Amino acid sequence: MDGFAEVLDMSDELILLDIYPARELPIEGVTSAMIMDRMQLANKQILGKKEALEKVRSDKPELLLTVGAGDIDQLVQPLKSALENV
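What comes next is a walk through the structure. None of these values were measured; they are calculated from a predicted model.

Turning to the overall build of the protein chain, a few remarks are in order. A tally of regular secondary structure across the protein chain gives 4 helices and 2 strands. Counted from the first residue to the last, the protein chain has its helices and strands arranged as α-β-α-β-α-α. Here the protein chain has a C-alpha radius of gyration of 13 Å; the compact-globule value for 86 residues is 12 Å, and the two agree. In the protein chain, buried positions account for 20% of the 86 residues. Counted over contacts in the protein chain with a minimum sequence separation of 6, partners at least 24 positions apart contribute 67%. For the protein chain, the exposed area adds up to about 6,600 Å²; of that, 53% sits on carbon and sulfur atoms. Within the protein chain, one finds 9 positive and 16 negative side-chain charges whose respective centroids are separated by 6 Å.

Rendered as structure tokens:
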């Protein structure tokens, strides 16, 4: 968790989604909030997928980086559509 927090702190802004196990069983007690609590970044928040998509649509960032596993690929096309006219 500390390593994830350290790397994510390099962001200008962070939207952290809930942790979903990809191919492994969930690790009891490990949550997105635990990672966020270890971060120093001021501009961070935990959102659900729908809320994250809405935020991207409204903020229209110049650069958006997505990193994840599991079903995060389901957001690729909606994110692309949200950013087409930026």
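From this point, the narrative continues.
As a volume, the largest pocket reaches approximately 1,600 Å³. Together, 41 residues line the largest pocket, and Leu8, Leu14, Ile15, Leu16 and Val67 are the ones closest to its centre. Mapped by element, the contributors of at least two residues to the lining of the largest pocket are helix 1 (2–8), strand 1 (14–16) and helix 3 (49–59). Here the lining of the largest pocket gets 6 residues from one element, more than from any other, and that element is helix 3. Class assignment of the residues belonging to the lining of the largest pocket gives a composition of 29 nonpolar, 4 polar and 8 charged.

Our next topic: the nonpolar core. With 8 residues, the main nonpolar core is built from Leu17, Leu47, Ala52, Leu53, Val56, Leu75, Leu79 and Ala82. When residues of this core are traced back to their parent elements, those giving at least two are helix 3 and helix 4 (76–83). For this core, the element with the highest residue contribution is helix 3, accounting for 3 residues. Residue contacts for Leu75: discarding those within four places in its chain leaves Leu17 and Lys49.

The next thing to look at is the environment of Ser11. Summarising the element assignment, Ser11 is placed in the loop between helix 1 and strand 1. For Ser11, a relative accessible area of 25% translates into the label partly exposed. Sequence separation of Ser11 and Ala33 is 22 residues, and the distance between their C-alpha atoms is 17 Å. Of note is the side chain of Ser11, whose polar atom sits 3.0 Å from the backbone oxygen of Leu8.

To continue, consider the packing of helix 3 against helix 4. Look at helix 3 against helix 4: their axes get within 9 Å of each other, and the N-to-C directions meet at 20 degrees. When the interaxial angle is binned, helix 3 and helix 4 end up roughly parallel. Here helix 3 and helix 4 pass one another in a crossing that is right-handed. Residues Leu53, Val56 and Arg57 of helix 3 pack against Pro78, Leu79, Ala82 and Leu83 of helix 4. By residue class, the composition of the contact of helix 3 with helix 4 is 6 nonpolar, no polar and 1 charged.

How each quantity is defined
Chains are numbered independently. Their residues run from 1 in the order of the written sequence. Per-residue local features are limited, in this predicted model, to residues with pLDDT of at least 70; the limit for side-chain atom pairs, both in listing and counting, is 80 or more; totals at the level of whole chains, interfaces and linings are taken over all residues. Side-chain numbers here rest on the full set of heavy atoms in the structure, without hydrogens or water. The secondary structure listing takes helices from DSSP runs of H or I that are at least 4 residues long and strands from runs of E that are at least 2 residues long, numbered from the N terminus. Here the radius of gyration uses the C-alpha set of atoms, whereas the globule reference equals 2.2 Å times the residue count to the power 0.38. Only protein chains enter the accessibility calculation, which uses a 1.4 Å probe. A residue is then buried if its area is under 20% of the maximum for its type, exposed if over 50%, and partly exposed in between. The contact rule is simple, with two residues in contact once any of their heavy atoms fall within 4.5 Å. The protein chains shown are the only cover counted for residues, whose accessible areas, like all others here, come from Shrake-Rupley with a 1.4 Å probe. The charge count treats Lys and Arg as positive and Asp and Glu as negative. His and the chain ends do not count. To locate a charge, take NZ of a lysine, CZ of an arginine, CG of an aspartate or CD of a glutamate. Grid points spaced at 1 Å and placed over the protein atoms alone form the basis of the search, with a cavity being a set where a 1.4 Å probe fits but cannot get out and a pocket an open set showing protein on both sides within 12 Å along at least five of seven lines. Lining residues have an atom within 4 Å of a point. Grid points are joined across faces, edges and corners, and a volume is the space filled by probe spheres set on the points. Amino acids outside the nonpolar list (Ala, Val, Leu, Ile, Met, Phe, Trp, Tyr, Cys, Pro) and the charged list (Asp, Glu, Lys, Arg) are all regarded as polar, and Gly is one of them. Throughout this description, the term nonpolar core refers to a set of buried Ala, Val, Leu, Ile, Met, Phe, Trp, Tyr and Cys residues connected via side-chain atoms within 4.5 Å. Here a polar contact means two N or O atoms within 3.5 Å. Within protein one must be a hydrogen donor candidate and the other an acceptor candidate, and residues neighboring in sequence count only if both atoms are side-chain atoms. Simply put, an axis is a line fit to the C-alpha atoms, just over the touching stretch for a helix, and the angle between two N-to-C directions goes from 0 to 180 degrees. The labels follow the angle: roughly parallel below 35 degrees, roughly antiparallel above 145, roughly perpendicular from 65 to 115, and oblique for the rest. Should the near helix be turned anticlockwise from the far one by less than a right angle, the crossing is left-handed, and should it be turned clockwise, the crossing is right-handed.

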